[in-house]
Amino acid sequence: WHEAAGILHTLGEGRTSARENLPSLLQDLRKERRTEINYLNGVVVDKARAHGIPVPANEAVVSIVHEIERGHRPRGADALGALHTIVSDAYRSS
């Protein structure tokens, strides 16, 4: 996961206009606005639950983004580590 965080950082360095190239979800988080996570990964979670399909990675993404929105978790590379832990634990439990 440290490697993934490094890759994401490296990809971000090549941007010529950061505002133009940032995903809207990240822009929302930076401006402390509610994101569209419920319309992205949240829909996947809802549909999967309706069909009894486990989607721990999507559930973790939704949960972590909501925690960031509420100010209970800082945004940044640490959230990627939390995602790894949550998903790893979910797959170990199943």
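This text follows the structure it describes.
What comes next is a walk through the structure. Every chain begins its residue count from 1, and numbering advances along the sequence as written. Under the rules for a predicted model, residues below a pLDDT of 70 receive no local features and side-chain atom pairs below 80 are neither given nor counted, while totals for whole chains, interfaces and linings still include all residues. Where side-chain values are given, they derive from all heavy atoms of the structure, hydrogens and water being excluded.

## Here we look at the pattern of salt bridges
Thinking step 1. Salt bridge, as used here: a side-chain nitrogen of Lys or Arg that lies within 4 Å of a carboxyl oxygen of Asp or Glu. Taken as a whole and assessed by the stated rule, the structure comprises four salt bridges.
Thinking step 2. Between Arg-49 and Glu-59 there is a salt bridge; the shortest N-O distance is 3.7 Å. Of this pair, Arg-49 sits in helix α4 (residues 41-50) while Glu-59 sits in helix α5 (residues 56-69), placing them ten residues apart in sequence.
Thinking step 3. Categorising residues by exposure relies on relative accessible area from a 1.4 Å probe, with only protein chains included: less than 20% of the type maximum marks a residue as buried, more than 50% marks it as exposed, and the intermediate range marks it as partly exposed. Glu-59 sits in the partly exposed class, given a relative accessible area of 32%.
Thinking step 4. For Asp-89, the salt bridge is made with Arg-92, and the minimal N-O distance between the two is 2.8 Å. Only DSSP runs of H or I with at least four residues qualify as helices, and only runs of E with at least two residues qualify as strands; both kinds are numbered from the N terminus onward.

## Remarks on the packing of α4 against α5
Thinking step 1. Under this scheme, a helix contributes an axis fitted over its contacting stretch, all axes are lines through C-alpha atoms, and angles between N-to-C directions fall in the 0 to 180 degree range. Contact geometry of α4 with α5 gives a least axis separation of 9 Å together with a crossing angle of 135°. The orientation of α4 with respect to α5, classified from their angle, is oblique. As α4 packs across α5, the resulting crossing turns out to be left-handed. Residue-level contacts link Asn-41, Gly-42, Val-44, Val-45 and Arg-49 of α4 to Asn-58, Glu-59, Val-61 and Val-62 of α5.
Thinking step 2. Each residue receives one of three labels: charged for Asp, Glu, Lys and Arg, nonpolar for Ala, Val, Leu, Ile, Met, Phe, Trp, Tyr, Cys and Pro, and polar for the others, Gly being one of them. Class assignment of the residues belonging to the contact of α4 with α5 gives a composition of four nonpolar, three polar and two charged. Angle categories are assigned with fixed cut-offs, so that under 35 degrees is roughly parallel, over 145 is roughly antiparallel, 65 to 115 is roughly perpendicular, and the rest are oblique. The sense of a crossing depends on the near helix, which, turned anticlockwise from the far helix by less than a right angle, makes the crossing left-handed and, turned clockwise, makes it right-handed. We call two residues in contact when some of their heavy atoms are within 4.5 Å.

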